[in-house]
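A structural walkthrough
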Amino acid sequence: MTIFRLLLALPFIILAAHAHAATLRLPETGYSATRIVQVSGMAFSGKVHAQNGKERWETVNQGVRSVSILLPEEGRFLLYMPDMNMAMEMNAESAAQQYGFEPLRDEVEAVEEGSDMIEGENTTRYRVTVPDGDVSEMRVWLTADGIPLKMTGSSPEGDFTMLLKDLKRGDQDAALFRLPAGVTPMKMPMGMPGMPGIPPH
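This part takes up the overall build of the chain. Looking only at helices and strands, the chain features 2 helices and 12 strands. For the chain, the succession of helices and strands along the chain, N to C, is α-β-β-β-β-β-β-α-β-β-β-β-β-β. In the chain, the proportion of contacts linking residues at least 24 apart, taken out of those at least 6 apart, comes to 51%. Counting only carbon and sulfur atoms, one obtains 49% of the accessible surface of the chain, whose full area is about 9,300 Å².

Summed over all chains, the structure comprises 0 aromatic pairs. Sitting above the plane of the Trp57 ring, Arg35 keeps its charged end 4.6 Å from the centroid. In this structure, Lys150 is placed above the aromatic ring of Trp141, and the distance from its NZ or CZ to the ring centre is 4.8 Å.

To continue, consider the pairing of strand 5 (residues 76-81). By the criterion of burial, strand 5 is predominantly enclosed, with 5 of the 6 residues buried. Bridge count between strand 4 (residues 64-71) and strand 5: 5 bridges; the pairing is antiparallel. When the bridges of strand 5 are listed, Ser68 appears paired with Leu79. Between strand 4 and strand 5, which follow one another and run antiparallel, lie 4 residues, and Gly75 among them has a positive phi close to 65°. In terms of strand pairing, strand 5 meets strand 6 (residues 86-91) through 6 bridges, oriented antiparallel. Of the residues in strand 6, the one forming a bridge with Tyr80 is Ala87. Remark: 4 residues form the turn of the hairpin made by strand 5 and strand 6, two consecutive strands paired antiparallel; Asn85 in that turn has positive phi of roughly 50°.

Turning next to the confidence of the model for the chain. Overall, the predicted model of the chain reaches an average pLDDT of 78, with 68% of residues at or above 70. Scored below 50 in pLDDT, residues 191-201 makes 29 contacts in the model with residues more than four places away or belonging to other chains.

Rules behind the numbers
Residues numbered from 1 in each chain as written. Predicted model: local features only at pLDDT ≥ 70, side-chain atom pairs only at ≥ 80, totals over all residues. Heavy atoms only, no water. Helix = DSSP H or I, 4+ residues; strand = E, 2+ residues; numbered from the N terminus. Contact = heavy atoms within 4.5 Å. Areas by Shrake-Rupley, 256 points an atom, 1.4 Å probe, with all protein chains shown as cover. Phe/Tyr/Trp six-rings, centres within 6.5 Å; stacked < 30°, edge-to-face > 60°. Lys NZ or Arg CZ within 6 Å of the ring centre and 35° of its normal. Buried < 20%, exposed > 50% of the residue type's maximum accessible area, 1.4 Å probe, protein only. Pairing = 2+ DSSP bridges. pLDDT = per-residue confidence, 0-100.

Given below as structure tokens:
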């Protein structure tokens, strides 16, 4: 799994972990934050917006801005490149598989381990076992209202961490989860080849 693929896999990891059990659920409130991901000594950060399972994550990779939008209820994953004003669309499950992560379902096991104070928030720490995937056992720290504030785990590229900073709760503008007017995404069921700033798989 390339670093870029791991970054795209994160929304699926988070969503899958929440979907498994009553204790691991979708957040009860919309929120925005700065998401910081560290993989093998490299750091990536960008603004994330989430509401009712939908997620928008704005990042810069190799100097190219990209916006990933996950729409689980519609079964869609969108990748928008603002600098080129173009977008691509994949079926959400195909996208998860393409970027090296199998969606988790009933085989996921989550065990509550304790509580920790993270970024000024009281959180509950869970150990989540990921069978037969590119991401081995990981830990997720959830706030009382279900926001995934921190994650740690391992992949073939090494250990990774995800942390949310500057968390702000509140309803998010619905327009954040749509493409700009006039942008029609190209459907890419088998991946997103040849895009500037996206390393090959």
